[in-house]
Amino acid sequence: MLKMIEVGINGYGTIGKRVADAVAAQEDMKIVGVTKTRPDFASKMAAERYGLYIAIPDYLDKFEKSGIEVSGRIEDLLERVDIIVDSSPAGIGAKNKALYKKYGVKAIFEGGEEHELTKCSFNAQSNYEEALNRDFVRVVSCNTTGLCRTLNAIDELAKIKEVKATIIRRATDPGDSKKGPINAIEPVLKIPSHHGPDLQTVLPHIKISTMAVKVPTTIMHLHCLMVEMRDNIGVDKVIDTLENTRRVILLDGRERIISTAQIMEYARDIGRKRGDLYEIAIWKDGISIKENTLYYYQAIHQESDVVPENIDAIRSMMGEEDAEESMNKTDRNLGIR
Ligand code: NAD
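Note that the coordinates shown come from a computational prediction; the quantities given were computed from them, not determined experimentally.

## As for the environment of His205
With respect to the helices and strands, the residue His205 is situated in the loop between helix H8 (195–200) and strand E11 (208–215). Residue His205 is classed as exposed on the basis of its relative accessible area, which comes to 52%. Once the C-alpha coordinates of His205 and Ile160 are considered, the two residues, 45 residues apart in sequence, prove to be 9.3 Å apart. At a separation of 2.8 Å, a polar atom in the side chain of His205 contacts the side chain of Asp155.

## Quick look at the environment of Arg230
With respect to the secondary-structure elements, Arg230 resides in the loop between strand E12 (221–229) and helix H9 (235–243). A relative accessible area of 51% places Arg230 in the exposed class. In the structure, Arg230 is positioned 32 residues away from Asp198 in sequence and 23 Å away in space, judged by C-alpha atoms. The contact partners of Arg230, leaving out residues within four places of it in the chain, are Ala158, Lys159, Ile160, Lys161 and Asn292.

## So, the side chain of Glu309
For Glu309, the position within the fold is in helix H11 (residues 307–317). A polar side-chain atom of Glu309 sits 2.8 Å from the main-chain amide nitrogen of Ala124. In this structure, Glu309 is in contact with Phe122, Asn123, Ala124, Gln125, Val139, Thr145, Arg149 and Arg247, ignoring residues within four places of it in sequence.

## Points about the domain arrangement of the chain
How big an interface is tends to be stated in terms of the accessible area lost upon association of its parts. Taken domain by domain, the chain holds domain 1 (5–140 + 306–334) and domain 2 (143–300). A C-alpha centroid distance of 26 Å is found between domain 1 and domain 2. If you look at the interface, domain 1 gives 26 residues, while domain 2 gives 18 residues. For the pair domain 1 and domain 2, the summed buried surface comes to about 1,800 Å²; carbon and sulfur atoms form 43% of the total. Contact with domain 2 buries surface across domain 1, with Arg18, Gln125 and Val140 losing the most and accounting together for 28% of the total.

## Quick look at the nonpolar core
With 73 residues, the main nonpolar core has Leu151 and Val227 as its most contacted residues. With 6 residues, the single largest contributor to this core is helix H7 (residues 142–158). With sequence-adjacent residues up to four places away left out, Leu151 is seen in contact with Ile160, Val163, Leu199, Ile206, Ile208, Leu225, Val227 and Tyr296.

## Let's talk about the packing of aromatic side chains
Taken as a whole and assessed by the stated rule, the structure comprises 3 aromatic pairs. Taken together, a centroid distance of 6.0 Å and an interplanar angle of 40° make the contact between Tyr100 and Phe109 tilted. Accessibility classification places Tyr100 together with Phe109 in one group, the buried group. Here Phe109 and Phe136 contribute two aromatic rings whose centre-to-centre distance is 6.2 Å and whose plane-to-plane angle is 40°, an arrangement assigned as tilted. Remark: Phe136 occurs in strand E8 (residues 136–139) and Phe109 occurs in strand E6 (residues 106–109); sequence separation between them is 27 residues.

## As for a negative patch on the surface
Taken together, the side chains of Glu129, Glu321, Asp322 and Glu325 present a region of like negative charge at the surface. As for its position among the elements, Glu325 is in helix H12 (residues 323–334).

What counts as what
- Residues numbered from 1 in each chain as written.
- Predicted model: local features only at pLDDT ≥ 70, side-chain atom pairs only at ≥ 80, totals over all residues.
- Heavy atoms only, no water.
- Helix = DSSP H or I, 4+ residues; strand = E, 2+ residues; numbered from the N terminus.
- Buried < 20%, exposed > 50% of the residue type's maximum accessible area, 1.4 Å probe, protein only.
- Polar contact = N/O pair within 3.5 Å; in protein donor to acceptor, adjacent residues only side chain to side chain.
- Contact = heavy atoms within 4.5 Å.
- Domains from an automatic or database assignment.
- Buried area = accessible area lost by both parts, 1.4 Å probe.
- Core = buried A, V, L, I, M, F, W, Y, C linked by side-chain atoms within 4.5 Å.
- Phe/Tyr/Trp six-rings, centres within 6.5 Å; stacked < 30°, edge-to-face > 60°.
- Patch = residues over 30% accessible without salt bridge, like charges linked within 9 Å, V, L, I, M, F, W, Y side chains within 5 Å.
- Areas by Shrake-Rupley, 256 points an atom, 1.4 Å probe, with all protein chains shown as cover.
- Salt bridge = Lys/Arg side-chain N within 4 Å of Asp/Glu carboxyl O.
- Lys, Arg positive; Asp, Glu negative; His and termini not counted.
- Charge placed at Lys NZ, Arg CZ, Asp CG, Glu CD.

As structure tokens, this is what we get:
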């Protein structure tokens, strides 16, 4: 019988809980346990569903008083897994790396960490092979994942000369009531914003510059892209390519999908768990070409687009050589077309 890949999740928040459910849905992987820092409703559910380990030992007494069943500490979890997905808040992953090394456990970090931490930034469609058998890999952020998926496909079709993009960012996630802005628009004053250079950690040959603004919404990011192409191609070819690009969907403004609100409604209507949309959504009727420049808008469901990437990163790091085979399995198990 095929040995299951045994996976732990350190940091069971927005990304961690989704990756845990996605791992549990794969026939070749299983969740051994997840960590929480404090006892709360999510810890209670995690203990019942997966087995709960404590990330910060100082809080052990709080867990004991709460009556939530605990299976051990992070160190115990590390002794029981092949690979850990570190989905703790940005910057904490870097501090955890020494612990993973000590226990000889492979680790995936998320987009809040720097490229330098692993020197391998991952997007399944762009560079699956780069992560093969590695011990440490970083899955790029939600925005960078969206840029990689569509720009990689367009580059293969029409050889990109230069990209200019504006990233309109959601202020925070729906489950967070602490951050803002709640009534303001906040530009990133450092130009370029980090998104362009981050894309280049995966696709170094693409020339790109980005600006970014934060707006008071929680549901999605939106990208406005201008892509100068070397080859002169028609809109129909671009549409055809994007329609056939994995983890990308084309939606139509003429069907009254006029904003990110309807895109999220669409995701709920097709029955996705938590109303997630793993795919990058592009407005089909918003795609146009003027001279050699392609214009399009894409929306990113920040809570979930990186989830399938984490699953493929696990397979690559565990030695599965066939990228297509891994992505096929991931997509089938997550209900991606
Ligand atoms: P989150 O705050 O929702 O979840 C983080 C979890 O880690 C929380 O449950 C927190 O209690 C726990 N935690 C705190 N300190 C810890 C520690 N020392 N050890 C272990 N766990 C600890 O954060 P998130 O949004 O899920 O982000 C996780 C990572 O994923 C970050 O690198 C982030 O940049 C990246 N990311 C986030 C999004 C997004 O939109 N939310 C999208 C893509 C990537």
